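Architecture at a glance
So you can see what is in the structure, the chains are spelled out below.
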Amino acid sequence: MLNDPHLKIVYYEQDSSKVFHGTDIKGGIAVSYRDDSRILGPIGVFSPYPIVNTIMKKVTQNSNFVSLSEIIYSRTAYRFTDKMHQENPEAHDKLSKGHDYDVSSNIFERLPELFSDHRPEDGQEYIRILGRINGKRVFRYIKSQYINPVDNTDKWKVVVPQANGTGELGEKISHPEVIGPGTGSTETFIEIGNCSSQIEAMNLAKYIKTKLCRLMLGILKITQNGNKPVWRLVPLQDFTQDSGIDWSKSIQDIDQQLYKKYDLNQQEIEFIETHVKEMD
């Protein structure tokens, strides 16, 4: 539909309760119109705010544009190995049918015997896994041979929950957390980055909190779903000390640098500043 040249949106309301009282339809209500005899589109990427489209074009049509999604790892990146099942045959009956290899969001409760609060001193190699128990982020250790390696496992990276917010444009997102080498995560999270140093990952975490980043994220993220595809319009930055951005500055100052980088005018800047919530 987004690529149909004969279709346009004639009405959009993000708050579905304003159209249908008492309802909460993620993504809102859209009324579309299609006319075979007229060229009306294609829509491409839909936004209820025309000014967002101009900002999006300035950012994505920049000659150096590369998507942040290039360094985003799916929430299913980490998987159990055959070795885990060979040494723990009882695990099969504790996991959901067809999901024997998933490091699911509740895996710490499903297979508590595989995980330890602290790294065991038994001479074996372990990987630290970030997950949630009772709504709180916690780390647990599991034998490295039980988890398939990912190419950023031994790098610094940032994790954010895969399900995040409601999809409202400019909303705050859950705290981006920097995790180091030898650490992975359950399906609760997506991982962003393959950084060589902690400072690069910290700069990346700062960037995710900027208003420009979250505006670009919000164009495609219209529900809670925050998996890799919805980050496609967010521009990748250089997070090293050689970057054109001074990452040592405050998040607010970094936003000002980004506005200048993408040549945003005062009207576009004011829209971002008034429609995107601030994060510390």
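In this text the structure is predicted, and so the values were computed from the model without any measurement. (Residues numbered from 1 in each chain as written. Predicted model: local features only at pLDDT ≥ 70, side-chain atom pairs only at ≥ 80, totals over all residues. Heavy atoms only, no water.)

On to the side chain of Asp-100, then. Mapped onto the elements, Asp-100 comes out in the loop between α2 (82–87) and α3 (107–110). Buried within the structure, Asp-100 lacks any salt-bridge partner; its nearest side chain of opposite charge belongs to Arg-110, at an N-O separation of 8.8 Å. In this structure the side chain of Asp-100 is engaged in a polar contact, spanning 2.8 Å, whose partner is the side chain of His-92. Those residues in contact with Asp-100 that lie beyond four places of it in its chain are Phe-80, Met-84, His-85, His-92 and Leu-95. (Helix = DSSP H or I, 4+ residues; strand = E, 2+ residues; numbered from the N terminus. Buried < 20%, exposed > 50% of the residue type's maximum accessible area, 1.4 Å probe, protein only. Lys, Arg positive; Asp, Glu negative; His and termini not counted. Salt bridge = Lys/Arg side-chain N within 4 Å of Asp/Glu carboxyl O. Polar contact = N/O pair within 3.5 Å; in protein donor to acceptor, adjacent residues only side chain to side chain. Contact = heavy atoms within 4.5 Å.)

Before going further, it helps to spend a moment on the nonpolar core. If you look at the biggest cluster of nonpolar residues, it comprises 44 residues, and the most contacted ones within it are Ile-192 and Trp-231. Elements with a minimum of two residues in this core: α1 (50–60), β6 (156–161), β9 (189–195), α4 (198–209), α5 (211–220), α6 (251–261) and α7 (266–275). With 6 residues, α5 is the largest single contributor of residues to this core. With near-sequence residues (within four places) excluded, Ile-192 lies in contact with Leu-68, Ile-71, Ile-72, Lys-157, Val-158, Val-160, Leu-204, Ile-208 and Trp-231. Formed by 19 residues, the second largest nonpolar core is a distinct cluster that contains Met-84, Val-103, Leu-111 and Ile-142. (Core = buried A, V, L, I, M, F, W, Y, C linked by side-chain atoms within 4.5 Å.)

Right, let's talk about the packing of aromatic side chains for a bit. Aromatic ring pairs are reported here in terms of the distance separating the ring centres and the angle at which the planes meet. Enumeration over the complete set of coordinates arrives at 5 aromatic pairs. Between Phe-108 and Phe-115 the ring centres are 4.9 Å apart and the planes differ by 65°, which places this aromatic pair in the edge-to-face class. Like Phe-115, Phe-108 is buried. By way of ring pairs, the aromatic residues Tyr-207, Phe-239 and Trp-247 are connected into one cluster. The ring of Phe-139 has Arg-128 lying over it, and the distance from NZ or CZ to the ring centre is 3.8 Å. (Phe/Tyr/Trp six-rings, centres within 6.5 Å; stacked < 30°, edge-to-face > 60°. Lys NZ or Arg CZ within 6 Å of the ring centre and 35° of its normal.)

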